[in-house]
Amino acid sequence: MIKPLLLALPGYEPLAASIAQKTAFPLGQLEMRRFPDGETYLRILTDVSEMSIILVGSLYHPDEKIIPIYLLTATLRANGAASVTLVVPYLAYMRQDKIFMKGEGLTAAYIATLLSSFLDGLITIDPHLHRIGHLEEVYTIPAIALQAYPLIAQWIKTNIPHPILIGPDSESEQWVCQVATAAQCPYIILQKKRKGDREVEISVPDTDKYKNHTPVLVDDIISTAHTMIETVYQLRKAGMEDPVCIGVHAIFAGTAYTDLIAAGVSKIHTCTTIPHPTNTIDISPLLSTCLYQYFFSAPLP
Ligand code: R5P
(Lines give C-alpha, C1' and ligand atoms only; values in the text may rest on other atoms or scores of the structure.)
Protein backbone atom coordinates (compact mmCIF):
# COMPACT_ATOMS: atom_id res chain seq x y z
CA MET A 1 0.00 0.00 0.00
CA ILE A 2 1.29 3.48 -0.89
CA LYS A 3 1.78 5.73 2.11
CA PRO A 4 2.67 9.27 0.98
CA LEU A 5 4.39 11.65 3.39
CA LEU A 6 5.12 15.30 2.63
CA LEU A 7 8.31 16.91 3.90
CA ALA A 8 8.95 20.63 3.39
CA LEU A 9 12.40 21.91 2.57
CA PRO A 10 13.27 25.17 4.37
CA GLY A 11 11.11 28.06 3.08
CA TYR A 12 8.53 25.76 1.52
CA GLU A 13 6.53 24.96 4.66
CA PRO A 14 3.48 27.01 3.50
CA LEU A 15 3.37 25.27 0.10
CA ALA A 16 3.76 21.81 1.69
CA ALA A 17 1.03 22.65 4.24
CA SER A 18 -1.29 23.78 1.47
CA ILE A 19 -0.70 20.54 -0.46
CA ALA A 20 -1.24 18.53 2.75
CA GLN A 21 -4.53 20.31 3.35
CA LYS A 22 -5.76 19.68 -0.21
CA THR A 23 -4.60 16.05 -0.52
CA ALA A 24 -4.94 14.94 3.13
CA PHE A 25 -1.39 13.55 2.83
CA PRO A 26 0.38 13.69 6.22
CA LEU A 27 3.11 16.26 6.74
CA GLY A 28 6.31 15.07 8.40
CA GLN A 29 8.92 17.07 10.27
CA LEU A 30 12.62 17.44 9.80
CA GLU A 31 15.39 19.60 11.10
CA MET A 32 17.70 21.04 8.51
CA ARG A 33 20.28 23.76 9.05
CA ARG A 34 23.81 24.81 8.27
CA PHE A 35 26.76 24.10 10.50
CA PRO A 36 28.94 27.18 11.04
CA ASP A 37 31.34 25.85 8.38
CA GLY A 38 28.56 25.76 5.76
CA GLU A 39 27.95 22.01 5.80
CA THR A 40 24.39 20.71 6.18
CA TYR A 41 22.97 19.22 9.38
CA LEU A 42 19.76 17.27 9.03
CA ARG A 43 17.62 15.03 11.16
CA ILE A 44 14.33 13.38 10.26
CA LEU A 45 11.82 13.75 13.09
CA THR A 46 9.00 11.59 11.66
CA ASP A 47 8.97 7.84 11.08
CA VAL A 48 9.54 7.48 7.31
CA SER A 49 9.76 3.72 7.19
CA GLU A 50 7.98 2.36 4.07
CA MET A 51 6.68 5.84 3.27
CA SER A 52 6.62 7.37 -0.23
CA ILE A 53 8.30 10.66 0.54
CA ILE A 54 7.38 13.86 -1.27
CA LEU A 55 10.00 16.55 -0.76
CA VAL A 56 8.54 20.00 -1.41
CA GLY A 57 11.10 22.67 -2.21
CA SER A 58 12.71 24.54 -5.01
CA LEU A 59 15.85 24.55 -7.08
CA TYR A 60 16.04 28.32 -7.00
CA HIS A 61 19.71 28.97 -6.08
CA PRO A 62 20.37 25.36 -7.05
CA ASP A 63 24.05 25.11 -6.22
CA GLU A 64 23.33 25.52 -2.51
CA LYS A 65 20.28 23.22 -2.55
CA ILE A 66 21.28 20.14 -4.52
CA ILE A 67 23.76 18.74 -1.97
CA PRO A 68 21.28 19.13 0.95
CA ILE A 69 18.56 17.44 -1.16
CA TYR A 70 20.97 14.61 -1.97
CA LEU A 71 21.93 14.20 1.70
CA LEU A 72 18.29 14.26 2.77
CA THR A 73 17.34 11.66 0.16
CA ALA A 74 20.17 9.36 1.27
CA THR A 75 19.15 9.82 4.93
CA LEU A 76 15.49 9.07 4.11
CA ARG A 77 16.49 5.87 2.36
CA ALA A 78 18.74 4.91 5.28
CA ASN A 79 15.69 5.37 7.54
CA GLY A 80 13.58 3.03 5.44
CA ALA A 81 11.72 5.34 3.03
CA ALA A 82 10.17 3.41 0.13
CA SER A 83 10.76 6.18 -2.43
CA VAL A 84 11.66 9.86 -2.70
CA THR A 85 9.91 12.18 -5.15
CA LEU A 86 11.10 15.75 -5.43
CA VAL A 87 8.52 18.48 -6.03
CA VAL A 88 10.33 21.59 -7.20
CA PRO A 89 7.95 24.13 -8.76
CA TYR A 90 11.02 25.89 -10.16
CA LEU A 91 13.55 23.70 -11.93
CA ALA A 92 16.94 25.33 -12.36
CA TYR A 93 19.61 25.06 -15.04
CA MET A 94 17.09 24.52 -17.84
CA ARG A 95 18.31 27.50 -19.86
CA GLN A 96 21.77 25.93 -20.28
CA ASP A 97 20.30 23.57 -22.87
CA LYS A 98 22.85 24.04 -25.63
CA ILE A 99 26.58 24.37 -26.06
CA PHE A 100 26.67 27.92 -27.39
CA MET A 101 30.47 28.22 -27.43
CA LYS A 102 33.23 25.65 -27.62
CA GLY A 103 34.32 24.66 -24.12
CA GLU A 104 30.93 25.12 -22.45
CA GLY A 105 28.97 22.26 -20.84
CA LEU A 106 25.43 21.01 -21.42
CA THR A 107 24.62 21.71 -17.78
CA ALA A 108 20.84 21.16 -18.12
CA ALA A 109 21.60 17.54 -19.02
CA TYR A 110 24.30 17.14 -16.35
CA ILE A 111 21.94 18.32 -13.58
CA ALA A 112 19.23 15.98 -14.91
CA THR A 113 21.67 13.05 -14.79
CA LEU A 114 22.69 13.95 -11.25
CA LEU A 115 19.09 14.27 -9.92
CA SER A 116 18.03 11.10 -11.76
CA SER A 117 20.85 9.21 -10.03
CA PHE A 118 19.37 9.54 -6.53
CA LEU A 119 15.65 10.43 -6.83
CA ASP A 120 12.68 8.26 -7.83
CA GLY A 121 10.65 10.99 -9.48
CA LEU A 122 10.49 14.72 -10.08
CA ILE A 123 7.55 17.08 -10.51
CA THR A 124 7.99 20.66 -11.62
CA ILE A 125 6.09 23.56 -13.19
CA ASP A 126 6.88 25.23 -16.49
CA PRO A 127 10.54 24.32 -16.76
CA HIS A 128 12.28 26.32 -19.46
CA LEU A 129 11.81 23.75 -22.24
CA HIS A 130 13.21 25.21 -25.39
CA ARG A 131 15.88 23.22 -27.17
CA ILE A 132 15.13 20.32 -24.81
CA GLY A 133 11.53 19.52 -25.79
CA HIS A 134 10.59 17.16 -22.93
CA LEU A 135 12.15 16.47 -19.53
CA GLU A 136 12.36 12.76 -20.41
CA GLU A 137 15.00 13.66 -23.00
CA VAL A 138 17.41 14.32 -20.14
CA TYR A 139 15.85 12.70 -17.03
CA THR A 140 15.94 8.93 -16.63
CA ILE A 141 13.34 8.91 -13.80
CA PRO A 142 9.64 9.84 -14.18
CA ALA A 143 9.78 13.64 -14.60
CA ILE A 144 6.54 15.58 -14.88
CA ALA A 145 6.34 19.16 -16.19
CA LEU A 146 3.06 20.76 -15.14
CA GLN A 147 1.81 23.96 -16.73
CA ALA A 148 0.65 27.03 -14.85
CA TYR A 149 -1.14 28.54 -17.84
CA PRO A 150 -4.72 27.60 -16.81
CA LEU A 151 -4.18 29.30 -13.42
CA ILE A 152 -2.62 32.39 -15.05
CA ALA A 153 -5.42 32.55 -17.64
CA GLN A 154 -8.03 32.33 -14.88
CA TRP A 155 -6.28 35.10 -12.95
CA ILE A 156 -6.24 37.33 -16.04
CA LYS A 157 -9.90 36.62 -16.79
CA THR A 158 -10.86 37.54 -13.24
CA ASN A 159 -8.68 40.64 -12.86
CA ILE A 160 -8.01 42.30 -16.23
CA PRO A 161 -10.61 43.76 -18.57
CA HIS A 162 -9.77 43.68 -22.33
CA PRO A 163 -6.29 42.17 -22.05
CA ILE A 164 -3.80 41.92 -24.91
CA LEU A 165 -1.12 39.40 -23.99
CA ILE A 166 2.45 40.17 -24.92
CA GLY A 167 5.28 37.66 -25.16
CA PRO A 168 8.73 39.29 -25.09
CA ASP A 169 10.40 36.79 -27.41
CA SER A 170 9.84 33.77 -29.64
CA GLU A 171 10.66 31.40 -26.74
CA SER A 172 7.66 32.78 -24.82
CA GLU A 173 5.21 32.04 -27.64
CA GLN A 174 4.55 28.48 -26.42
CA TRP A 175 3.05 29.58 -23.07
CA VAL A 176 1.71 33.02 -24.10
CA CYS A 177 -0.35 31.34 -26.82
CA GLN A 178 -1.75 28.82 -24.31
CA VAL A 179 -2.59 31.53 -21.75
CA ALA A 180 -4.27 33.65 -24.45
CA THR A 181 -6.31 30.73 -25.75
CA ALA A 182 -7.47 29.79 -22.25
CA ALA A 183 -8.18 33.44 -21.33
CA GLN A 184 -9.89 33.98 -24.71
CA CYS A 185 -7.92 37.10 -25.58
CA PRO A 186 -5.50 38.16 -28.35
CA TYR A 187 -1.70 38.06 -28.08
CA ILE A 188 1.38 39.36 -29.85
CA ILE A 189 4.97 38.13 -29.71
CA LEU A 190 7.87 40.58 -29.78
CA GLN A 191 11.39 39.98 -31.07
CA LYS A 192 14.24 39.82 -28.55
CA LYS A 193 17.95 39.90 -29.21
CA ARG A 194 20.04 39.03 -26.13
CA LYS A 195 23.31 40.96 -26.18
CA GLY A 196 24.63 39.74 -22.81
CA ASP A 197 23.54 38.42 -19.38
CA ARG A 198 22.07 41.84 -18.54
CA GLU A 199 21.42 43.39 -21.95
CA VAL A 200 18.51 42.70 -24.30
CA GLU A 201 17.07 44.50 -27.33
CA ILE A 202 13.29 44.21 -27.97
CA SER A 203 11.35 45.24 -31.06
CA VAL A 204 7.57 45.80 -31.08
CA PRO A 205 5.28 45.19 -34.08
CA ASP A 206 2.40 47.53 -34.98
CA THR A 207 0.09 47.63 -31.93
CA ASP A 208 -2.34 50.35 -33.06
CA LYS A 209 -5.39 48.13 -33.07
CA TYR A 210 -4.78 47.18 -29.40
CA LYS A 211 -4.68 50.77 -28.06
CA ASN A 212 -7.85 50.19 -26.01
CA HIS A 213 -6.60 46.96 -24.48
CA THR A 214 -4.64 46.45 -21.26
CA PRO A 215 -1.22 45.05 -22.15
CA VAL A 216 -0.26 42.00 -20.08
CA LEU A 217 3.36 40.97 -20.40
CA VAL A 218 3.79 37.25 -19.76
CA ASP A 219 7.11 35.41 -19.38
CA ASP A 220 8.18 32.19 -17.71
CA ILE A 221 11.14 33.56 -15.75
CA ILE A 222 11.91 37.01 -14.38
CA SER A 223 15.61 36.83 -13.55
CA THR A 224 17.48 40.12 -14.06
CA ALA A 225 14.12 41.62 -15.21
CA HIS A 226 15.93 43.20 -18.17
CA THR A 227 13.59 41.44 -20.60
CA MET A 228 10.56 42.94 -18.84
CA ILE A 229 12.16 46.38 -18.38
CA GLU A 230 13.24 46.68 -22.02
CA THR A 231 9.83 45.45 -23.17
CA VAL A 232 8.07 48.07 -21.02
CA TYR A 233 10.25 50.82 -22.56
CA GLN A 234 9.50 49.63 -26.08
CA LEU A 235 5.74 49.35 -25.41
CA ARG A 236 5.78 52.93 -24.09
CA LYS A 237 7.57 54.07 -27.24
CA ALA A 238 4.88 52.31 -29.27
CA GLY A 239 2.25 54.36 -27.39
CA MET A 240 0.84 51.57 -25.22
CA GLU A 241 0.04 51.97 -21.55
CA ASP A 242 2.34 50.30 -18.99
CA PRO A 243 1.68 46.58 -18.89
CA VAL A 244 0.68 44.32 -16.07
CA CYS A 245 3.73 42.03 -15.77
CA ILE A 246 3.17 38.34 -15.07
CA GLY A 247 6.00 35.87 -14.56
CA VAL A 248 5.72 32.23 -13.60
CA HIS A 249 9.01 32.11 -11.68
CA ALA A 250 9.98 35.14 -9.56
CA ILE A 251 13.75 34.71 -9.50
CA PHE A 252 14.47 38.46 -9.31
CA ALA A 253 18.25 38.11 -9.17
CA GLY A 254 20.13 40.83 -7.27
CA THR A 255 18.38 44.19 -7.64
CA ALA A 256 15.99 42.98 -10.36
CA TYR A 257 12.81 43.62 -8.38
CA THR A 258 13.70 47.18 -7.43
CA ASP A 259 15.00 47.77 -10.98
CA LEU A 260 11.63 46.73 -12.38
CA ILE A 261 9.77 48.98 -9.96
CA ALA A 262 12.21 51.82 -10.72
CA ALA A 263 11.36 51.37 -14.40
CA GLY A 264 7.84 52.47 -13.43
CA VAL A 265 6.17 49.08 -13.39
CA SER A 266 3.74 48.82 -10.51
CA LYS A 267 1.66 45.81 -11.41
CA ILE A 268 3.80 42.67 -11.07
CA HIS A 269 2.26 39.25 -10.43
CA THR A 270 3.97 35.88 -10.13
CA CYS A 271 3.10 32.30 -9.29
CA THR A 272 3.99 30.81 -5.90
CA THR A 273 6.75 28.65 -7.41
CA ILE A 274 9.39 30.81 -5.67
CA PRO A 275 8.33 32.73 -2.53
CA HIS A 276 8.32 36.48 -3.34
CA PRO A 277 6.22 39.57 -2.43
CA THR A 278 4.77 39.52 -5.99
CA ASN A 279 3.23 36.02 -5.53
CA THR A 280 -0.49 36.21 -6.31
CA ILE A 281 -1.15 33.06 -8.35
CA ASP A 282 -1.31 29.97 -6.11
CA ILE A 283 0.06 26.82 -7.73
CA SER A 284 -0.77 24.42 -4.87
CA PRO A 285 -4.02 23.19 -6.51
CA LEU A 286 -2.02 22.13 -9.57
CA LEU A 287 0.56 20.22 -7.52
CA SER A 288 -2.07 18.64 -5.26
CA THR A 289 -4.08 17.28 -8.19
CA CYS A 290 -0.93 15.95 -9.86
CA LEU A 291 0.45 14.31 -6.70
CA TYR A 292 -2.78 12.52 -5.92
CA GLN A 293 -3.00 11.20 -9.48
CA TYR A 294 0.71 10.27 -9.43
CA PHE A 295 0.46 8.14 -6.30
CA PHE A 296 -3.08 6.75 -6.51
CA SER A 297 -3.79 6.81 -10.27
CA ALA A 298 -7.08 8.51 -9.45
CA PRO A 299 -8.41 12.07 -9.48
CA LEU A 300 -8.16 14.09 -6.27
CA PRO A 301 -11.46 13.46 -4.41
C1 R5P B 1 14.38 33.48 -21.75
O2 R5P B 1 14.65 32.66 -22.53
C3 R5P B 1 13.31 33.39 -20.74
O4 R5P B 1 12.09 32.97 -21.26
C5 R5P B 1 13.13 34.74 -20.05
O6 R5P B 1 12.71 35.70 -21.01
C7 R5P B 1 14.42 35.18 -19.45
O8 R5P B 1 14.91 34.16 -18.63
C9 R5P B 1 14.24 36.44 -18.65
O10 R5P B 1 15.47 36.76 -18.12
P11 R5P B 1 15.81 38.21 -17.60
O12 R5P B 1 14.78 38.56 -16.57
O13 R5P B 1 17.18 38.06 -17.04
O14 R5P B 1 15.78 39.14 -18.78
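For the structure itself, consult the block above.
Residues numbered from 1 in each chain as written. Predicted model: local features only at pLDDT ≥ 70, side-chain atom pairs only at ≥ 80, totals over all residues. Heavy atoms only, no water.

1. Quick word on the overall build of the protein
Helix and strand counts for the protein come out as eight helices and 15 strands. Taken against the 2.2 N^0.38 rule, which gives 19 Å for 301 residues, the C-alpha radius of gyration of the protein at 20 Å falls within 12% of a compact globule. Considering the protein as a whole, with its 301 residues, one finds that 51% of them fall into the buried category. Across the protein, every contact between residues at least 6 apart in sequence was considered, and the portion connecting residues at least 24 apart equals 64%. In the structure as shown, the protein presents an accessible area of about 13900 Å², 54% of it carried by carbon and sulfur atoms. Placing the 22 positive and 29 negative side-chain charges of the protein at their respective mean positions leaves the two points 3 Å apart. (Helix = DSSP H or I, 4+ residues; strand = E, 2+ residues; numbered from the N terminus. Rg over C-alpha atoms; globule rule 2.2 N^0.38 Å. Buried < 20%, exposed > 50% of the residue type's maximum accessible area, 1.4 Å probe, protein only. Contact = heavy atoms within 4.5 Å. Areas by Shrake-Rupley, 256 points an atom, 1.4 Å probe, with all protein chains shown as cover. Lys, Arg positive; Asp, Glu negative; His and termini not counted. Charge placed at Lys NZ, Arg CZ, Asp CG, Glu CD.)

2. Here's the deal with the side chain of Asp219
In this fold, Asp219 is placed in strand E12 (residues 214–222). Judged by its relative accessible area of 6%, Asp219 falls in the buried class. Among all residues touching Asp219, those that are not within four sequence positions of it are Pro168, Ser172, Trp175, Thr227, Met228, Ile246, Gly247 and Val248.

3. As for the nonpolar core
Of all hydrophobic cores here, the largest spans 85 residues; its most connected members are Ile53, Leu76, Leu115, Leu122 and Tyr139. Dropping the residues within four chain positions of it, Ile53 is found in contact with Leu5, Leu7, Val48, Leu76, Ala81, Ser83, Val84 and Thr85. By size, the runner-up hydrophobic cluster in this structure holds 22 residues, among which are Leu190, Val232, Phe252 and Val265. (Core = buried A, V, L, I, M, F, W, Y, C linked by side-chain atoms within 4.5 Å.)

4. Overview of unusual backbone geometry
Its identity as a non-glycine residue notwithstanding, Glu50 has a phi of 65 degrees, on the positive side. Positionally, Glu50 belongs in the loop between strand E3 (40–44) and strand E4 (52–56). The exposed category is assigned to Glu50, whose relative accessible area is 51%.

5. Side note on helix H8 (residues 284–296)
The first and last C-alpha atoms of H8 sit 18 Å apart over 13 residues, in line with the 18 Å expected at 1.5 Å per residue. For H8, the complete set of buried residues consists of Ser284, Leu286, Leu287, Ser288, Cys290, Leu291, Tyr292 and Phe295. The inward-facing, buried residues of H8 abut helix H1 (13–23), E4, strand E5 (83–88), strand E6 (121–125), strand E7 (143–146) and helix H4 (149–159). Where H8 ends, the next residue or the one after it, Ser297, has phi of about 45 degrees, a positive value. (Expected span 1.5 Å × (residues − 1).)

6. Description of the pattern of salt bridges
One pass over the full model with this rule turns up six salt bridges. Here Arg131 and Asp97 are joined by a salt bridge, their closest N and O atoms 2.9 Å apart. Of the two residues, Arg131 is situated in the loop between E6 and E7 and Asp97 in the loop between E5 and helix H3 (107–118); the sequence distance between them amounts to 34 residues. Owing to a relative accessible area of 39%, Arg131 belongs among the partly exposed residues under this scheme. (Salt bridge = Lys/Arg side-chain N within 4 Å of Asp/Glu carboxyl O.)

7. Structural notes on the sheet that holds strand E8 (residues 163–167)
The six strands are arranged E9-E8-E12-E13-E14-E15 in an open sheet whose pairing can be described as parallel. Because the sheet does not close on itself, it has two edges, and the strands there are strand E9 (187–189) and strand E15 (279–281). Recorded for the sheet is a direction-independent mean angle of 35 degrees between the axes of neighbouring strands. In the sheet, strand E14 (residues 268–271) pairs with E15 via two bridges, with the strands oriented parallel. The partner of Thr270 across the bridge, within E15, is Asn279. Helix-sheet contacts for H4 involve E8, E12, strand E13 (244–250), E14 and E15, and the interaxial angle to E13 is about 155 degrees. Along the sheet face, helix H6 (residues 226–237) touches E8, E12 and E13 and points at about 160 degrees away from the line of E12. (Pairing = 2+ DSSP bridges. Axes fitted to C-alpha atoms, helices over the stretch in contact; angles between N-to-C directions.)

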